[in-house]
Amino acid sequence: MENRATLVTCNSGSSTIQERQRRLTVLLEHLTDEGWTQSTIAEALGVDFTTVYRWSKGKTVPEAESRNFRRLAALTGGDGASLELYLTGKIPLAAYRQGKQTSQSDDTPHQILPPEKIKQQLLAQIYLLDPADIADVISNSVAFLAKRA
C-alpha cells in the first residue's frame, strides 16, 4: 500500500473569510480603544458576550444579512452596506468610521448630513422596527448615555 501526502492550499474563499475576520477584529479593537469592552459591546448589540469574543478573536463574522450585522454597523457608525464595504476591503477603516462611503470606483465621499437631518432619518428608521426592537434601542441609548455621563 502506497502512502500519499496531499497538499492542501487555501482557496480564495477561505482567504476572503480570513480577511473579513481580520478586518472585523481591527474594528473591534478600535472600539475597545474608545473605552468599550467586549461586555458593553455585547450588551449594546443584544448578543451574548461569547459572540463578541468569537468576533474579536477572528473565529467568526456575523452574516451580512443578519440583525447582528446591522446592529454592529449601527454601533460602529455605519450601515450594513458600508460595513460590508469595509470588511471586503473596498474602503479603509478611517473612511468607514467617518461615515464616508467611498469605494474604489467612487473616490468622492458622500455628503455628511447635519445632526437634525440625521435625527429625522433615524426616527424614520426606528418607526419601521418592531416594538421590542424599539425598546432595545431605548435601553441601549440609556446605557450609552449613562456610560458617557
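The structure we're discussing is the one just above.
Residues numbered from 1 in each chain as written. Predicted model: local features only at pLDDT ≥ 70, side-chain atom pairs only at ≥ 80, totals over all residues. Heavy atoms only, no water.

Peer 1: Tell me what's going on with the packing of helix 2 (residues 38-45) against helix 4 (residues 67-75), and back it up with residues and numbers.
Peer 2: Between helix 2 and helix 4, whose axes approach to 10 Å, the crossing angle comes to 115 degrees. Handedness of the crossing formed by helix 2 with helix 4: right-handed. Contacts from Ile-41, Ala-44 and Leu-45 in helix 2 reach Arg-71, Leu-72 and Leu-75 in helix 4. For the contact of helix 2 with helix 4, the class distribution of residues is five nonpolar, no polar and one charged. (Axes fitted to C-alpha atoms, helices over the stretch in contact; angles between N-to-C directions. Helix = DSSP H or I, 4+ residues; strand = E, 2+ residues; numbered from the N terminus. Left-handed = near helix turned anticlockwise from the far one by under 90°. Contact = heavy atoms within 4.5 Å. Nonpolar A, V, L, I, M, F, W, Y, C, P; charged D, E, K, R; others polar.)

Peer 1: Can you lay out the nonpolar core for me, pointing to particular residues and giving the numbers?
Peer 2: If you look at the biggest cluster of nonpolar residues, it comprises 23 residues, and the most contacted ones within it are Leu-24, Leu-83, Tyr-86 and Tyr-96. Where this core is concerned, the elements lending two or more residues are helix 1 (12-33), helix 2, helix 3 (49-56), helix 4, helix 5 (80-87) and helix 6 (93-97). Apart from residues no more than four positions distant in its own chain, Leu-83 is found in contact with Leu-27, Phe-69, Leu-72, Ala-73 and Tyr-96. (Core = buried A, V, L, I, M, F, W, Y, C linked by side-chain atoms within 4.5 Å. Buried < 20%, exposed > 50% of the residue type's maximum accessible area, 1.4 Å probe, protein only.)

Peer 1: Lay out the packing of aromatic side chains with the relevant residues and their values.
Peer 2: For the structure shown, the criterion picks out three aromatic pairs. With a centroid separation of 6.4 Å and an interplanar angle of 20 degrees, the aromatic rings of Trp-36 and Phe-144 are classed as stacked. One end of the pair, Trp-36, is in the loop between helix 1 and helix 2; the other, Phe-144, is in helix 8 (residues 131-148), with 108 residues separating them in the sequence. Overall, the relative accessible area of 33% leaves Phe-144 in the partly exposed class. Sitting over the ring of Trp-36, Lys-147 keeps its end group 4.4 Å from the ring centre. (Phe/Tyr/Trp six-rings, centres within 6.5 Å; stacked < 30°, edge-to-face > 60°. Lys NZ or Arg CZ within 6 Å of the ring centre and 35° of its normal.)

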